[in-house]
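Examination of the molecular architecture
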Amino acid sequence: MRVQFSWKLTVVLIVILMVVGNLGSWQVRRYNESIETIDHYRVQHDELPPLTSLDVPDGEQRLKYLHHRRASFEGHFVPSEIQLLTARYKFQIPGYGVLIPTRVKDKKILVYIGWVPRDNLKEYLATLDPEKPVTVSGRLTAGDNTGNVSDPAGEHLGHTTWRETNLAALKERIPDLEDDVLLQAGEPATGKQISIEDYPLGGYKGPWHVPPSRHVEYAIQWFGVGVAAIGVYLALTFRRRKREEEDEPEAAE
């Protein structure tokens, strides 16, 4: 039985397979990356003991050593160098994230101590005493936008406001600041009920945005589209061949 291919259909099929194949493979890579991230986070956050000092060796592995590590530091707040994160809403109430440098021995580490309602911010900031020793605990993270230096968003109550925690930009404004990581104070976000009165609202989530299982689902969907495209291609080819075979006797008459 003679088969006659359509080069147009073949080209369309090849293009579709290339696209969905790349998308499916990308999701497989994202799955592997998510698994590696979760494993790294589990070791850093759940297995290793909290750091109590930033006196760790410099080098290429330093950030990997610090990132996602639990930490607990004793030191003193530096309220005069407070920075604020703007456009933060909780319970549909506007507020600010409070970033406060904390002096630990001869260095400062930026601490995100949490969110405070806008109407209570002035009163809360007045309670931060630079002479009073404090212990801050939480998780170390590299912050946002590590590749570029961003500009401030504005100013509020005499403090500079930012849209994100850009350590490179903050390092230029705060002397002796640790510029590899900041400390997110509080405990992991567990979904427990919280109260608007218990500010600052701290806490942090895991480092992944999409569960690994979702990447598997997306990969199956894209590969499924490729299989479906092959099925449609074969169906159209056989239907075209069948029509040609039915037309041949009529042409002979």
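Scroll up to find the structure.
Calculation rules
- Residues numbered from 1 in each chain as written.
- Predicted model: local features only at pLDDT ≥ 70, side-chain atom pairs only at ≥ 80, totals over all residues.
- Heavy atoms only, no water.
- Helix = DSSP H or I, 4+ residues; strand = E, 2+ residues; numbered from the N terminus.
- Rg over C-alpha atoms; globule rule 2.2 N^0.38 Å.
- Core = buried A, V, L, I, M, F, W, Y, C linked by side-chain atoms within 4.5 Å.
- Buried < 20%, exposed > 50% of the residue type's maximum accessible area, 1.4 Å probe, protein only.
- Contact = heavy atoms within 4.5 Å.
- Pairing = 2+ DSSP bridges.
- Phe/Tyr/Trp six-rings, centres within 6.5 Å; stacked < 30°, edge-to-face > 60°.
- Lys NZ or Arg CZ within 6 Å of the ring centre and 35° of its normal.
- Salt bridge = Lys/Arg side-chain N within 4 Å of Asp/Glu carboxyl O.
- Polar contact = N/O pair within 3.5 Å; in protein donor to acceptor, adjacent residues only side chain to side chain.

Counting its regular elements, the protein contains five helices and eight strands. The N-to-C order of helical and strand elements in the protein reads α-α-β-β-β-β-α-β-β-β-α-β-α. Compactness check: the protein gives a C-alpha radius of gyration of 28 Å against a globular reference of 18 Å for 253 residues, more than 25% above the reference. In terms of principal-axis extent, the alpha carbons of the protein reach across some 105 × 40 × 35 Å.

It is worth spelling out the nonpolar core at this point. In terms of nonpolar packing, the biggest core is built from 27 residues, with Phe-73 and Leu-140 touching the most fellow members. Elements that contribute at least two residues to this core include exactly strand S1 (70–77), strand S3 (93–104), strand S4 (107–117), helix H3 (121–125), strand S5 (133–141) and strand S8 (182–185). In this view, Phe-73 contacts Leu-51, Thr-52, Ser-53, Leu-54, Val-104, Ile-109, Val-134, Thr-135, Val-136, Leu-140 and Leu-183; residues no more than four positions away in its chain are not counted. One finds Leu-85, Trp-115, Leu-170 and Leu-177 within the second-largest nonpolar core, a separate group that totals 13 residues.

Moving on to the pairing of S8. Walk down a regular strand and you will see the side chains alternate between the two sheet faces. Neither face of S8 is open: one carries Leu-182 and Gln-184, the other Leu-183 and Ala-185, and all of them are buried. Both S4 and S8 contribute to a ladder of two bridges, which runs parallel. The partner of Val-111 across the bridge, within S8, is Leu-183. By the bridge criterion, four bridges tie S5 to S8 in an arrangement that is antiparallel. When the sheet's bridge partners are listed, Thr-141 is paired in S8 with Leu-182.

Applying the stated criterion across every chain yields a total of one aromatic pair. When the ring of Tyr-124 is compared with that of Tyr-199, the centres are 6.1 Å apart and the planes differ by 80°; the resulting orientation is edge-to-face. Of the two residues, Tyr-124 sits in helix H3 while Tyr-199 sits in the loop between S8 and helix H5 (212–252), which places them 75 residues apart along the sequence. Residue Tyr-124 is classed as buried on the basis of its relative accessible area, which comes to 14%. A cation over an aromatic ring shows up here: Arg-69 above the ring of Tyr-65, its NZ or CZ 5.3 Å from the ring centre.

On to the pattern of salt bridges, then. Per the stated rule, a full pass over the model turns up seven salt bridges. A salt bridge links Glu-81 to Lys-108; its shortest N-O distance comes to 2.8 Å. Linking Glu-81 in the loop between S1 and strand S2 (83–90) with Lys-108 in strand S4, this pair joins segments that are 27 residues apart in sequence. By relative accessible area, which is 5% here, Lys-108 ends up buried.

Along the chain, Gln-44 turns up in helix H1 (residues 7–47). A relative accessible area of 6% means that Gln-44 is categorised as buried. Reaching out from Gln-44, the side chain makes a polar contact with the backbone oxygen of Lys-64 at a distance of 3.2 Å. Polar side-chain contacts of Gln-44 include one of 2.9 Å to the backbone oxygen of His-67.

When you line up the elements, Arg-173 lands in helix H4 (residues 167–173). In this structure the C-alpha to C-alpha distance between Arg-173 and Gln-83, which are 90 residues apart in sequence, comes to 9.9 Å. Look past the residues within four positions of Arg-173 in its chain and what remains in contact with it is Pro-152, Thr-160 and Trp-162.

The next point concerns unusual backbone geometry. Cis geometry marks the peptide bond from Tyr-199 to Pro-200, where omega comes out at 5°. Tracing the backbone shows Pro-200 in the loop between S8 and H5. Here the phi dihedral of Lys-105 falls at roughly 60°; this positive angle occurs in a residue that is not glycine. Assignment of secondary structure puts Lys-105 in the loop between S3 and S4.

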